[in-house]
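# Overview (structure and organization)
Residues per chain are reported as follows:
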Amino acid sequence: MNKKDIVRIILGGKTISAKPSASAFASSNIALCKYWGKRDEELNLPVTASLSVSLGHLGTRTKISISNMADRITLDDCELADEDPFARRLISFLDLFRSPREKYNIETKNNFPTAAGLASSASGFAALVIALDDLYAWHLTKKELSLLARLGSGSASRSIFNGFVEWQRGSRDDGMDSFAQVLAEQWPELRLGVVTVADEQKAVGSRAGMRRTTETSELYRSWPLQVEKDLRNIKEAIQNRDFELLGKTAESNALAMHATMLAAWPPLLYWKPETVLVFQKVWKMREAGVPVYFTIDAGPNVKILFLENQLNVVSKNFGSMEIVTPFS
Ligand code: DP6
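About the thresholds
- Residues numbered from 1 in each chain as written.
- Predicted model: local features only at pLDDT ≥ 70, side-chain atom pairs only at ≥ 80, totals over all residues.
- Heavy atoms only, no water.
- Phe/Tyr/Trp six-rings, centres within 6.5 Å; stacked < 30°, edge-to-face > 60°.
- Helix = DSSP H or I, 4+ residues; strand = E, 2+ residues; numbered from the N terminus.
- Buried < 20%, exposed > 50% of the residue type's maximum accessible area, 1.4 Å probe, protein only.
- Lys NZ or Arg CZ within 6 Å of the ring centre and 35° of its normal.
- Near = heavy atom within 4 Å.
- Polar contact = N/O pair within 3.5 Å; in protein donor to acceptor, adjacent residues only side chain to side chain.
- Areas by Shrake-Rupley, 256 points an atom, 1.4 Å probe, with all protein chains shown as cover.

In the structure shown here, the tally under the stated rule is twelve aromatic pairs. A centroid spacing of 6.3 Å and a plane angle of 90° characterise the contact between Trp187 and Phe243, whose relative ring orientation is edge-to-face. In this pair, Trp187 sits in the loop between strand S9 (180–182) and strand S10 (190–195) while Phe243 sits in helix H7 (residues 243–262), placing the two residues 56 residues apart along the sequence. For Trp187, a relative accessible area of 2% puts it in the buried group. What makes Phe243 buried here is its relative accessible area of 7%. Taking 4.2 Å as the distance between ring centres and 5° as the angle between the ring planes, the aromatic pair formed by Phe279 and Phe294 counts as stacked. Of this pair, Phe279 sits in helix H8 (residues 273–287) while Phe294 is found in strand S11 (residues 293–296), placing the two residues 15 residues apart along the sequence. Neither Phe279 nor Phe294 differs from the other in exposure class; each is buried. Grouped by ring-pair contacts, the aromatic residues Phe93, Phe97, Phe125, Tyr136 and Trp138 constitute a single cluster. The ring centre of Phe318 lies 5.2 Å from the NZ or CZ of Lys281, which sits over that ring.

Looking at the ligand, there are 18 residues lining it, with Tyr35, Lys38, Ser153, Gly154 and Ser155 nearest. The separation between an oxygen atom of the ligand and a polar side-chain atom of Ser155 is 2.6 Å. Between Arg207 and the ligand, the recorded distance is 2.7 Å, taken from a side-chain N or O atom to an oxygen atom. In isolation the ligand exposes 460 Å². Once the protein is present, 96% of that is buried. Per element, the largest residue contribution to the shell around the ligand is three residues, and it comes from helix H5 (residues 206–216).

Rendered as structure tokens:
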């Protein structure tokens, strides 16, 4: 099975009549229980399930127009060269859906620093799939949109939804049971603070990082067990509004993921010295009785987890952070 087979299954029989242009927004998301490792690289099928919360106003807006010239891709107002890795990834994704003669003009804008450890590919591919659905009037269900977004980037399957979102591992070889679903629960008091310690492009992208970890890290063997336990605890924490359980599970899950990376060869360390200083500050605040936790993806930036009633003390400690209200 390849991506094209899956697109054929999902879109089979749908008439292709494009309108001139369409645009869509998708929120980025941050996993509280991470996706790290694939059981199928072609279809982005994960080794484990994962669970995220979406980042509200932080995300990607993508406009797509049919063009009769060559493909043109603009990211944050800069036109990308054909050989740019992101442009190539986008173009090979778009090739799954179009006839060879059809060209596109794509304008995509992230309202957060690209490659800053916020999943720009998650909201990017989700926004693109939603825009394509509108462009071609496919009227796909959210489940189908999630399956298609997953083919672009695993974490994009979760960015089709808002709120707490679980991406099922699934067990089928064609991945038709590996899509995201939204959880019924909301948590309006939950806040996330994005502490940006560096906004340069990371040296090893998550795709390559995952591959290196699954292929060389002995510690990775225990990762599925960790996820099984953490997913159970996070769902329980959400159901019971138990912030301490949510925070400590998310923090420990992120650190366990980074432990599998450190045990890879060559070792993978996405942190900067400033990243560790943020961890230490969070731990110090907890020692002083402030309920605050963190999570971190494959990058140097840290996301602080806290509740609305701690906003003042958290803001005082992390001056320049972007505050996100996932359930606004
Ligand atoms: C650490 O979804 O970017 O952010 O499927 O190869 O595109 P690809 O990977 P991607 O990986 C995200 C990894 C993570 C954890 C997570 O978001 O669950």
